[in-house]
Amino acid sequence: MSRNISRISRRVFLCFGLLTAGMAQAQLSIEITGAGANRIPVSIANFAGDAALSRIVVGTVRADLERSGLFKLIDPGSVGMDENSPVDHADWKGRGADALAAGSVVRGADGRLEARFRLYDTQKGVALGGMVFVTDTAQLRLAGHRIADFIYEKLTGERGVFSTRIAYVVKSRGQFMLQIADADGQGAATALTSTEPIISPVWSPDGSKLAYVSFEKKKPMVYVHSLSSGQRHIVANFKGSNSAPAWAPDGRKLAVVLSKDGNSQLYSVNVDGSGVQRLAQSAGIDTEPRYSADGAHIYFTSDRGGSPQIYRIESSGGAAQRVTFEGSYNVSPRPSADGKSLAFISRREGRFQLAVMDLSSRQVQVLTDSNKDESPSFAPNSRMILIATEVGGRGLLSAVSIDGRIKQRLSIAAGDVREPAWGPFLK
Amino acid sequence: MKKLLIPSLLAALLVGCSTTPLPEDSTGAPVESRTGGTGVAPVVAGGLDASGLPRELTDKNSPLSQRSIYFDLDKYDVKSEYQGVVANHAKYLVANPSFKVLIQGNTDERGSREYNLSLGQKRADAVKRSLTLLGAKEAQVESVSLGEEKPKNAGSGEEAWSENRRADILYRAPDGRGEF
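The present account deals with the structure reproduced in this document. (Residues numbered from 1 in each chain as written. Chains lettered and ligands numbered in written order. Predicted model: local features only at pLDDT ≥ 70, side-chain atom pairs only at ≥ 80, totals over all residues. Heavy atoms only, no water.)

Helix and strand counts for chain B come out as 5 helices and 4 strands. When its helices and strands are written in sequence order, chain B yields α-α-β-α-β-α-β-α-β. A buried classification covers 49% of the 180 residues belonging to chain B. Here the analysis covers contacts within chain B between residues at least 6 apart in sequence; of these, 66% occur between residues at least 24 apart. For chain B, the accessible surface area stands at approximately 8,300 Å², while carbon and sulfur atoms represent 55% of it. (Helix = DSSP H or I, 4+ residues; strand = E, 2+ residues; numbered from the N terminus. Buried < 20%, exposed > 50% of the residue type's maximum accessible area, 1.4 Å probe, protein only. Contact = heavy atoms within 4.5 Å. Areas by Shrake-Rupley, 256 points an atom, 1.4 Å probe, with all protein chains shown as cover.)

Take a look at the structure:
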């Protein structure tokens, strides 16, 4: 319990920092363009307690589960049920719900809110567990995301990502804004506004910072930006270009690409900018490094063989192994957190599409039918991949499940959205 | 500030105009050169422009105002038609060793942003190599890339793309004023 409370209070602090950096006017709107085949039928009852507050929590839970494409929401009727209401399992089973959640949101004497819920397996007629969140009005949706994560994990066996956040860049009216939003696109806040481009944002493993490339000084430099304080510093400003940051899993170092010694080449640098060391050497371009989740390998793009392909080295150095072989343009490697898959962008007949490789079998599957996919980013549960794509000449984000069956689009009416980065699980 | 006068003075002397430099804040018409088969390159003098650079670098009648070098698709070498442009800038850098240039390489929009950044770097590096081969000092020239991020032509299609496969030369005067 105390663990959950500390999680919430930390989140409150984080969001405060973002809010002071300026709220975004533009919200991401989401459109689901596909759904899984065998959706789990689940019913989320109207919670008891404060009706308005309950509606926010329940609405968030239902929207999260629905959007995931893995659940089919069963109409619970209008009767409110709290976490201790008796449950007629046979009745719910009869209505087609394999699982049921009920709960309450109440305002305590000190003004704080308590959101409680319990999840039931109606097939077995047992409770699967519940939680209590102490929160405030501003954080009610987060409580909803947490409840949805709990339900997702209990029913699918995998961790949910509803309470995680995403970063992306919006280009609107000549301005570039680095924004942070909840994984459902709500609650967007602007961390950085610039008249010059911002690319390649990546989350630190603890989710407190972003590294990115900013062109605000007429050339690309790598920055690290603390989200709660807004403090930022330059990590790499060497002669030539500085780009493509990737966090080492321990959060102490970054792999970066520097052209200071000639071609674009891979280096590692401490987060404070000290201790630059070369990671690999080639006569061509080496770029887009990404550490495997266990830190053992670095995947990267190189044209050392004549066309851009994905290679990997051991992060301690050594010879490079080629990873992609099909086609003449395979770039932007992103290993999944579970170590099983590699997402990348593959050019097929002039079209740039999201592909995923099963790292044990080396089988490649193209997941989209688009023309201009870029910058894939895995959800921390390795189940979805967020990409930038283009529809009707406008940049938008798309989330695609690793089997390609579920697709969601996130767009902003006011501008182009690009360079998505899915943040880590909240600690 | 004093140093800044030197290039203007030199230019004025070269074309045989008055040796009295124009005041630095002059915004009047530039002094036109008079060439008459003397084999002397025409240079436009006339103080400094708004960015603090000698007008011969920015006046559109001066060959040094040509700052863009265009590249073919998937090509990263300076085409023969642009060798003259690069040579003009090399000559200026040799004559004005305290001036610096930033070369920004660019690509079209297709493909990975970071890979394009590296390809734009190759274009900027090619221009830098030509400049230094022609006598510019290593310390005078920095080559960087903007990748696909700053298209000159925001459209899609070959016409726009060919305008965006480009390297641009930006100048900085010894007093730190200039274009970067």
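Picking up where we left off.
This next bit is on the overall build of chain A. Scanning chain A from terminus to terminus reveals 4 helices and 32 strands. In chain A, buried positions account for 57% of the 427 residues. Taken as a whole, chain A presents about 16,800 Å² of accessible surface, with 48% of it coming from carbon and sulfur.

All names here are of chain A. For strand β14 (residues 221-226), the tally of buried residues reaches 6 of 6 residues, placing the bulk of the element in the interior. Going residue by residue along β14, you find Met221, Tyr223 and His225 tucked away on one face and Val222, Val224 and Ser226 tucked away on the opposite face as well. As paired elements, strand β13 (residues 209-214) and β14 share 6 bridges and run antiparallel to each other. Bridge assignment links Val213 to a residue of β14, and that residue is Val222. Hairpin geometry of β13 and β14 is characterised by an intervening segment of 6 residues between the two adjacent antiparallel strands and by a positive phi of about 70° at Lys218. Alignment of β14 against strand β15 (residues 232-236), held across 4 bridges, turns out to be antiparallel. (Pairing = 2+ DSSP bridges.)

In terms of nonpolar packing, the biggest core is built from 48 residues, with Ile44, Leu65, Ile151 and Tyr168 of chain A touching the most fellow members. If one sorts the elements of this core by residue count, helix α4 (residues 140-156) of chain A sits on top with 7 residues. Each of domain 1 (34-156) and domain 2 (165-422) of chain A accounts for three or more of the residues forming this core. Sequence-distant contacts of Ile151 of chain A, that is, excluding residues within four places in its chain, are made with Ile44, Val61, Leu65, Ala101, Phe117 and Leu119 of chain A. If you look at the next biggest cluster of nonpolar residues, it comprises 25 residues, including Leu64, Tyr92, Val101 and Ala126 of chain B. (Core = buried A, V, L, I, M, F, W, Y, C linked by side-chain atoms within 4.5 Å. Domains from an automatic or database assignment.)

Moving on, we get to the interface of chain B and chain A. Across the contact, 29 residues belong to chain B and 32 residues belong to chain A. Contact between chain B and chain A buries roughly 2,300 Å² in total, counting both sides, with carbon and sulfur atoms accounting for 54%. Broken down residue by residue, the surface that chain B buries against chain A is led by Arg113, Glu114 and Tyr115 of chain B, which jointly contribute 31%. On the surface where chain B and chain A come into contact, there are 4 salt bridges. Measuring nitrogen to oxygen at the nearest pair gives 3.4 Å for the salt bridge that ties Arg113 of chain B to Glu419 of chain A. Where chain B packs against chain A, one counts 18 residue pairs in polar contact (both at pLDDT 80 or more). At the level of elements, β2 (100-106), α4 (113-133) and β3 (141-147) of chain B are the ones that each hand at least two residues to the side of chain B that touches chain A. Per-element tally for the side of chain B that touches chain A: the top contributor is α4 of chain B, with 10 residues. Taken together, the residues of the side of chain B that touches chain A break down into 9 nonpolar, 7 polar and 13 charged. (Buried area = accessible area lost by both parts, 1.4 Å probe. Salt bridge = Lys/Arg side-chain N within 4 Å of Asp/Glu carboxyl O. Polar contact = N/O pair within 3.5 Å; in protein donor to acceptor, adjacent residues only side chain to side chain. Nonpolar A, V, L, I, M, F, W, Y, C, P; charged D, E, K, R; others polar.)

To continue, consider the packing of helix α3 (residues 83-95) of chain B against α4 of chain B. Residues and elements named next belong to chain B. Two elements in contact, α3 and α4, have axes whose closest approach is 9 Å; the angle formed by their N-to-C orientations is 55°. When the axis of α3 is compared with that of α4, the two are oblique. Between α3 and α4 lies a crossing of right-handed hand. When α3 is examined against α4, the residues Val86, His89, Ala90 and Leu93 are found in contact with a partner set consisting of Val127, Ser130 and Leu131. (Axes fitted to C-alpha atoms, helices over the stretch in contact; angles between N-to-C directions. Parallel < 35°, antiparallel > 145°, perpendicular 65-115°, else oblique. Left-handed = near helix turned anticlockwise from the far one by under 90°.)

Right, let's get into the packing of helix α2 (residues 51-68) of chain A against α4 of chain A. All names here are of chain A. Packing of α2 against α4 brings their axes to within 8 Å, and their N-to-C directions diverge by 45°. It follows that α2 is oblique to α4 by the angle criterion. For the pair α2 and α4, the crossing hand works out as right-handed. Counted together, Leu53, Ile56, Val57, Thr60, Val61, Asp64, Leu65 and Ser68 of α2 and Leu140, Arg141, Gly144, His145, Ile147, Ala148, Ile151 and Tyr152 of α4 form the full contact between these two elements.

This part is about α4 of chain B. Residues and elements named next belong to chain B. For α4, spanning 21 residues, the distance from its first C-alpha to its last is 30 Å, which sits close to the expected 30 Å at 1.5 Å a residue. Burial analysis of α4 places 17 of its 21 residues in the buried class, which makes it a mostly covered element. The opening residue of α4, the one whose side-chain oxygen lies 3.3 Å from the backbone nitrogen of Glu114, is Ser112. Gly135, located one to two residues past α4, shows a positive phi value of around 110°. (Expected span 1.5 Å × (residues − 1).)

The next subject is the sheet that holds strand β32 (residues 416-422) of chain A. Residues and elements named next belong to chain A. Pairing is antiparallel across the open sheet formed by 4 strands, whose spatial order is β11-β10-β9-β32. Each edge of the sheet is formed by a strand with only one pairing partner; in this case those strands are β11 (189-194) and β32. Geometrically, the sheet is characterised by an average inter-axis angle of 20° between neighbouring strands, direction not taken into account. As judged from the 5 bridges shared by strand β10 (residues 175-182) and β11, these two strands associate in the antiparallel manner. Counterpart to Met177 in the pairing with β11 is Thr193.

Our focus in this paragraph is the environment of Gln186 of chain A. Residues and elements named next belong to chain A. You can see Gln186 is positioned in the loop between β10 and β11. The exposure class assigned to Gln186 is partly exposed, which follows from its relative accessible area of 31%. Spatially, the C-alpha atom of Gln186 lies 6.6 Å from that of Leu28, the residues being 158 residues apart in sequence.

For the rest of this paragraph, the subject is the side chain of Thr60 of chain A. Residue and element names in this part refer to chain A. Considering the arrangement of structural elements, one finds Thr60 in helix α2. Under the relative-accessibility criterion, Thr60 is labelled buried at 5%. Polar side-chain contacts of Thr60 include one of 2.7 Å to the backbone oxygen of Ile56. In this structure, Thr60 is in contact with Arg141, Gly144 and His145, ignoring residues within four places of it in sequence.

The next thing to look at is the sheet that holds strand β22 (residues 309-314) of chain A. All names here are of chain A. Read from one edge of the open sheet, 4 strands run β20-β21-β22-β23, paired in antiparallel fashion. Strands with a single pairing partner mark the edges of an open sheet, and in this sheet they are β20 (286-291) and β23 (317-322). Across this sheet, the average inter-strand angle for adjacent strands is 30°, counted without regard to direction. Across 6 bridges, strand β21 (residues 297-302) lies against β22 in antiparallel orientation. Bridge assignment links Ile298 to a residue of β22, and that residue is Ile313.

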